Amino acid sequence: QTTVVRAKMAYRDMRNLTEIMRTLGYPRLISMENFRQCNFPLVVDILKWLVERYDPRASLPPDVDTEQDRVIFIKAVAEFMATKAGVKLNTKKLYKADGNVVRELLKVVGLLYSAMKGNSTAEGGDETLTASAFDLGANKLAELKQVRALASDITARGVRLFDLLGGETELRDARLAAVARPLEIEVIERGVRTSRDALAAQVAKLQSLMGSLSGDTKGLEEKIEKKKADLERNQKRLASLQSVRPAFMDEYERIEGDLQKEYTTYVEKFRNLSYLENQLEEYYFAEQSKFEETEESLRQMQARMRDVDGDGDMDVYDDPAESDSADEAPRRARPAAKDGEVFGTMAGDVSEDSESELDSGSLGSDGSLGDENGSGEDLSDNDF
């Protein structure tokens, strides 16, 4: 019956340990069969993780390979839990790492689990209290920094005190020898006189420095007064110059007014000149356009005249034989002139082509051919 009760208790403790470790966020999965036999590496891993949860800055022995290392590790963990968490652990059960170590681990795990439950209850219970606590911590941030500075100062002073106490062994003998030595009046008087002379020399040196300092102070004060007097004199001169009107100012203002008028006239004339130049350019451009149009019309008329003359020449000189027979026929058919009778006219024969030319153009007053609008241009022999 006792064996059955122990088995039930071991099973219950093991189940509680696995559930609590899972709740705390232990990264490794713990099964019910891990502690059936001695499992020291798992116990070491759990103890390291729990110590880090209590104090991340805590240092534990890293090696557990030999028996001596394992003993040192178990002692360090037990001392840490006893001082930091106030939990007394059985080092023998921790070293065995069997089913009996579960209850020892539950002592540490139970504290962490209770703290986590209390924290979650406080967070879910009253938000106003949490906010006020947070504000209280923020207000005491300066005090926290001061405490950290004092802690660093205490550590530095402790190190210095330790170094001084380390030399106490050597200094003790010298101090005892000096105390045990009999007093000699002459030596003491000589030491006092030496100290007095050194102090007198230091005082004289300081007095000389003070005298030179006072002299420098007076010199600087005199320079300052001189600069102040120069500044006042220059300010008065500036004020007098600003109040007096220069003799040439009237003439300057008159010339400036004339210059403004001349500039206005210049701007107006420059504007008119620019406008006239623009108008002149437009006029030249219009004349050039008219000239080009006239030239183009003359070239077209000359081309038409060349085409008309070319067609007439081809009709007349198309067949020489026919032309000769045509010229002889009128002569043969023309009757002999009698006395006092005249046949024909003084004008030559006018062909149809020439009649069309006369119809298309007219003679001007100076004998030149004109276009349909009546404007004529002289045609030279080279144009035909």
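If you're wondering where the values come from, they're calculated on a predicted model, not measured in any experiment.

Each value, and the rule that gives it
- Residue positions are given per chain, counting from 1 as you read along its sequence in written order.
- It should be noted that, the model being predicted, local features are given only for residues of pLDDT at least 70 and side-chain atom pairs only at 80 or more, the latter also being counted only at that level, while totals for whole chains, interfaces and linings use all residues.
- Just so you know, side-chain values use all the structure's heavy atoms and leave hydrogens and water out.
- Secondary structure elements are taken from DSSP: a helix is a run of H or I of four residues or more, a strand is a run of E of two residues or more, and numbering for both begins at the N terminus.
- Between buried and exposed lies partly exposed: a residue is buried under 20% and exposed over 50% of the maximum accessible area for its type, with that area taken using a 1.4 Å probe on protein chains only.
- By definition, residues are in contact when any of their heavy atoms lie within 4.5 Å.
- What makes a salt bridge here is a side-chain nitrogen of Lys or Arg within 4 Å of a carboxyl oxygen of Asp or Glu, nothing more.
- Distance thresholds for patches are 9 Å for like charges and 5 Å for nonpolar side chains (Val, Leu, Ile, Met, Phe, Trp, Tyr), applied to residues having over 30% relative accessible area and no salt bridge.
- The accessible surface values rely on the Shrake-Rupley method and a 1.4 Å probe; as for residues, cover is taken only from the protein chains in view.
- Neither His nor the chain termini are counted; the positive set is Lys and Arg, and the negative set is Asp and Glu.
- For this purpose, a charge sits on NZ of Lys, CZ of Arg, CG of Asp or CD of Glu.

A. Broad picture of the overall build of the protein. Looking only at helices and strands, one finds 12 helices and two strands in the protein. Secondary structure elements of the protein, listed N to C terminal, follow the sequence α-α-α-α-α-α-α-α-α-α-α-α-β-β. Within the protein, buried positions represent 12% of all 384 residues. Within the protein, contacts between residues at least 6 apart in sequence are counted, and of these 52% link residues at least 24 apart.

B. Up close: the pattern of salt bridges. What the rule picks out here adds up to 11 salt bridges. Notably, a salt bridge pairs R233 with D230, separated by 2.4 Å at the nearest N-O pair. Placement of the pair is R233 and D230 together in helix α9 (residues 185-243), with a separation of three residues, close to one helical turn. Residue D230 is classed as partly exposed on the basis of its relative accessible area of 22%. Through salt bridges with shared partners, one network takes in R245, D250 and E253.

C. Structural context of a positive patch on the surface. A cluster of basic residues, R57, K84, K145 and R148, forms a positive patch on the protein surface. Structurally, the position occupied by R148 is in helix α7 (residues 141-166).

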